[in-house]
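# Summary of structural features
Single-letter residue listing:
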Amino acid sequence: MTHQDYRYKQAFPKIGIRPTIDGRRKGVRESLEEQTMRMATSVAELLASELRYPDGSPVECVVAESCIGGVNEAAAAAELFSRSNVGVTITVTPCWCYGTETMDMSPSIPTAIWGFNGTERPGAVYLAAVLSAHAQKGIPAFGIYGEDVQDGGDTTIPDDVREKLLRFSRAGLAAATLKGRAYLSIGSVSMGIAGSIVNDSFFQEYLGMRNEYVDMSELTRRIEEEIYDPEEYKLALAWVKENCSEGQDNNPAHLQTDRKRKEYEWETVVKMTQIVRDLMAGNPKLAELGFTEESMGHHAIVSGFQGQRQWTDHSPNGDFLESILNSSFDWNGKRSPYLVATENDSLNGVSMLFGSLLTHTAQIFADVRTYWSTDSVKRVTGHQLEGNAKDGILHLINSGSAALDGTGQQSKEGKPVLKPFWEITDEEVQDCLKATSWRPASVEYFRGGGYSADFLTKGGMPVTMTRLNLVKGLGPVLQLAQGYTVDLPDDVHDTLDQRTDPTWPSTWFAPVLTGSGAFTSVYEVMNQWGANHGSISYGHIGADLLTLASMLRIPVSMHNVPESEIFRPRAWGLFGTSEPESADYRACSVFGPLYR
Ligand SMILES: C[C@H](O)[C@@H](O)[C@@H](O)C(=O)CO
Ligand SMILES: [Mn+2]
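Thresholds applied
- Residues numbered from 1 in each chain as written.
- Chains lettered and ligands numbered in written order.
- Predicted model: local features only at pLDDT ≥ 70, side-chain atom pairs only at ≥ 80, totals over all residues.
- UniProt positions renumbered as here; feature names shortened; annotations may be inferred.
- pLDDT = per-residue confidence, 0-100.
- Near = placed C-beta within 6 Å.
- Nonpolar A, V, L, I, M, F, W, Y, C, P; charged D, E, K, R; others polar.
- Axes fitted to C-alpha atoms, helices over the stretch in contact; angles between N-to-C directions.
- Helix = DSSP H or I, 4+ residues; strand = E, 2+ residues; numbered from the N terminus.
- Parallel < 35°, antiparallel > 145°, perpendicular 65-115°, else oblique.
- Left-handed = near helix turned anticlockwise from the far one by under 90°.
- Contact = placed C-beta atoms within 7 Å.
- Buried ≥ 20, exposed ≤ 12 C-beta atoms within 10 Å, placed from the backbone.
- Arc of directions from axis to C-beta.
- Pairing = 2+ DSSP bridges.

Going by what an unreviewed UniProt entry lists, the protein is known as L-fucose isomerase and is assigned to Paenibacillus xylanivorans. Under the Sequence similarities (unreviewed entry) heading, UniProt states for the protein: "Belongs to the L-fucose isomerase family." A UniProt comment under Pathway (unreviewed entry) is attached to the protein, and it reads "Carbohydrate degradation; L-fucose degradation; L-lactaldehyde and glycerone phosphate from L-fucose: step 1/3."

Quick look at the structure:
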């Protein structure tokens, strides 16, 4: 079993397809069987060809064995689905069927219904009827109804339907994939950061996840007792020597450490990387070495490392392990990122998890550090911000955790992008590594030293910044801002960067303004941000995040997603249609968390 096979030993959730039909035999049902089943198989083919699991394999669908004309066949499908690890269901039909008799009654499985827009048979009438049953029974479902009328025998999936099927499925698979996995908290609360107070009822009820905890002293034990794969360690250290160039030491001369100490710090941060990965995902190699218990791991899909301050006051910081694990590659080659939240900010960890499951690309963890108005940039550098940056920019920068993919050194059609690991070329891995230098950590902050990834994100990439917040009495609230990364002239970047800690990875971000709410100005985006951190995902994925949040019943307090892209369960509209944002709050609170 390779390391990757072991990590993905748990099967991924499948999508169950339910063709529902008018149950009347002797004419009606018989005339519809073929068309109904064909709708189901074409949806299955679409999803399998377009969507992937985190390991890069194609998404699998399970189609019910027969069309579902009544409760007996509905139960048979439910039984097949539970045997087959179905985590998301889609009902399809071209015709009228009996709502409560055919509907999917599983309350914690995200569900959608595509009612064919034709008029020979009334698929849309069923859609409306069954969606009303879903609302009435408190099992919200997504309704899909094509905008244009199709002819009776048409077997194609129109573009608007296709887009909704894919959006629903991406979000549904994300919700189903995190269920049953763990957040591993390594250490406790970092420097009073509330996001690192792990809230177990949030994880349990809203995400269906469990919480695992280890003390940071477990790293010390594993380092001292050599509980890591020593052969891998040799390979890793050699790879690091060759690919991770040590940058200039920015510490005042009297705080700079000598070569011997620096080598010790390199050795330690490599071991820390192996150990945190093994803590999260397990490692069969440890069992061969006699550490069977340790080989199991904590079933973690995301983790957080406290670091500051008890660990970092004495030992090298977690920046290297966080950056490398969050990247799409390491000394073993390309692989999907292991998510590690800096400062054990579990809520930013969850934001990274959402972005990761929706895109399969690496996430950039950052402090939302500075709003630079156009006037301030002009005053300090003489430069007039322009293009996407013309209304001001946010400086996203933190010591650790930013994935090296965040350099923007991967490309598609000549444009910088972040890709899923299976699309990244070996040259692009090299380019990400070359664009990064590893600067000795600022010793005034990090007495134990370590190395921070220093890079500058390429401009021009569409990205989405996300943050999950917890509010007492309200619960979780998501916020997001779509925008673009920005290139500044070298000297302008240098002047602004020198005012911060220039050894850290930097991303310049310009949110897209809409003229309303938090998106009236870049200042207001910063002003409304719920905490010190944000997670940055490649692409404008706001609509997918809104869909996912509604499945999990997490209201969204600010977003700049165009209205035409918003896709939530149909019942949301019954909470009001002129102010979707406040309807979202009411719907989430009435239906309650998905996995409660
Ligand atoms: C070095 C400092 O303690 C940083 O880690 C601090 O600015 C933060 O990142 C706070 O989130
Ligand atoms: Mn931080």
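Per-residue pLDDT for the protein averages 96, and the proportion of residues at 70 or more is 98%. Here the complex is predicted with pTM 0.97, and the ipTM for its interfaces comes to 0.97.

Here we take up the site of ligand 1. The local shell around ligand 1 consists of Gln308, Glu343, Asp367, Asn398, Ser399, Tyr445 and Asn532. Of the residues in the shell around ligand 1, the class split is 1 nonpolar, 4 polar and 2 charged.

Viewed as axis vectors pointing N to C, helix α9 (residues 230-243) and helix α10 (residues 259-281) meet at an angle of 125 degrees, and their least axial separation amounts to 10 Å. Here α9 lies oblique to α10, going by the angle between them. As α9 runs across α10, the sense of the crossing is right-handed. Facing Glu232, Tyr233, Ala236, Leu237 and Val240 of α9, the residues of α10 in contact are Trp266, Glu267, Val270, Lys271 and Gln274. A per-class count over the contact of α9 with α10 returns 6 nonpolar, 1 polar and 3 charged.

In this section: the UniProt feature "binding site: Mn(2+)" (unreviewed entry) in the protein. Per the UniProt entry, the sites bearing "binding site: Mn(2+)" (unreviewed entry) are Glu343, Asp367 and His533 in this numbering. For the annotated residues, spread through 191 residues, the largest C-alpha to C-alpha distance comes to 10.8 Å, consistent with a single compact locus. According to the C-beta neighbour criterion, Glu343 is buried, with 29 such atoms within 10 Å. Leaving out residues up to four positions away in the same chain, Glu343 has contacts with Ser190, Met191, Ile193, Ser196, Gln306, Gly307 and Gln308. With respect to the helices and strands, the residue Asp367 is situated in strand β13 (residues 364-372). Here Asp367 falls in the buried class, since 20 other C-beta atoms lie within 10 Å of it. The contacts of Asp367, once residues within four sequence positions are left out, are Ile397, Asn398, Asn532 and His533.

Another aspect to go through is the UniProt feature "active site" (unreviewed entry) in the protein. Following the UniProt record, the feature "active site" (unreviewed entry) maps to Glu343 and Asp367 here. A compact arrangement is adopted by the annotated residues: their sequence extent is 25 residues, whereas the largest C-alpha distance between any two is 10.8 Å. Relative to the assigned elements, Glu343 resides in the loop between β12 (339-342) and α14 (346-359).

Let us now look at the environment of Ala510. Locating Ala510 in the fold gives a position in strand β21 (residues 506-511). By the C-beta count within 10 Å, which is 23 here, Ala510 ends up buried. Residues contacting Ala510, with those up to four places away along its chain left out, are Asn388, Ala389, Ile393, Gly483, Tyr484, Val486 and Val522.

Let us look at unusual backbone geometry. Put simply, Gln308 and Arg309 share a cis peptide bond, and its omega is 0 degrees. Mapped onto the elements, Arg309 comes out in the loop between β9 (300-305) and α13 (319-326). Here Glu226, not a glycine, exhibits a phi torsion of approximately 55 degrees, which is positive. Counting through the fold element by element, Glu226 comes out in the loop between α8 (217-224) and α9. Notably, Asn344 is not glycine yet its phi reads approximately 50 degrees, a positive angle.

Think of an α-helix as 3.6 residues a turn; residues three or four steps apart then line up on the same face. All buried positions along helix α16 (residues 426-434) are accounted for by Glu428, Val429, Cys432 and Leu433. With its buried residues spanning 140 degrees around the axis, α16 presents them on a single face. The elements touched by buried residues of α16 are α9, β10 (329-330), β11 (333-334) and β15 (410-412).

The subject of this paragraph is the sheet that holds strand β3 (residues 86-93). Here we have 5 strands laid out as an open sheet, ordered β2-β1-β3-β4-β5, and parallel in their pairing. Unpaired on one side and paired on the other, β2 (61-63) and β5 (142-144) mark the two borders of the sheet. Strand-to-strand twist in this sheet, taken as the mean axis angle between neighbours without regard to direction, amounts to 20 degrees. Note: β3 against strand β4 (residues 111-115), 5 bridges, orientation parallel. Its bridge partner being in β4, Val92 is matched across the sheet by Trp114. Contacts between helix α2 (residues 28-50) and the sheet are confined to β1 (14-19), β2 and β3, with β1 contributing the most and set at about 160 degrees to the helix. Together, β1, β2 and β3 form the strand contacts of helix α3 (residues 71-83), whose direction differs from that of β1 by roughly 170 degrees.

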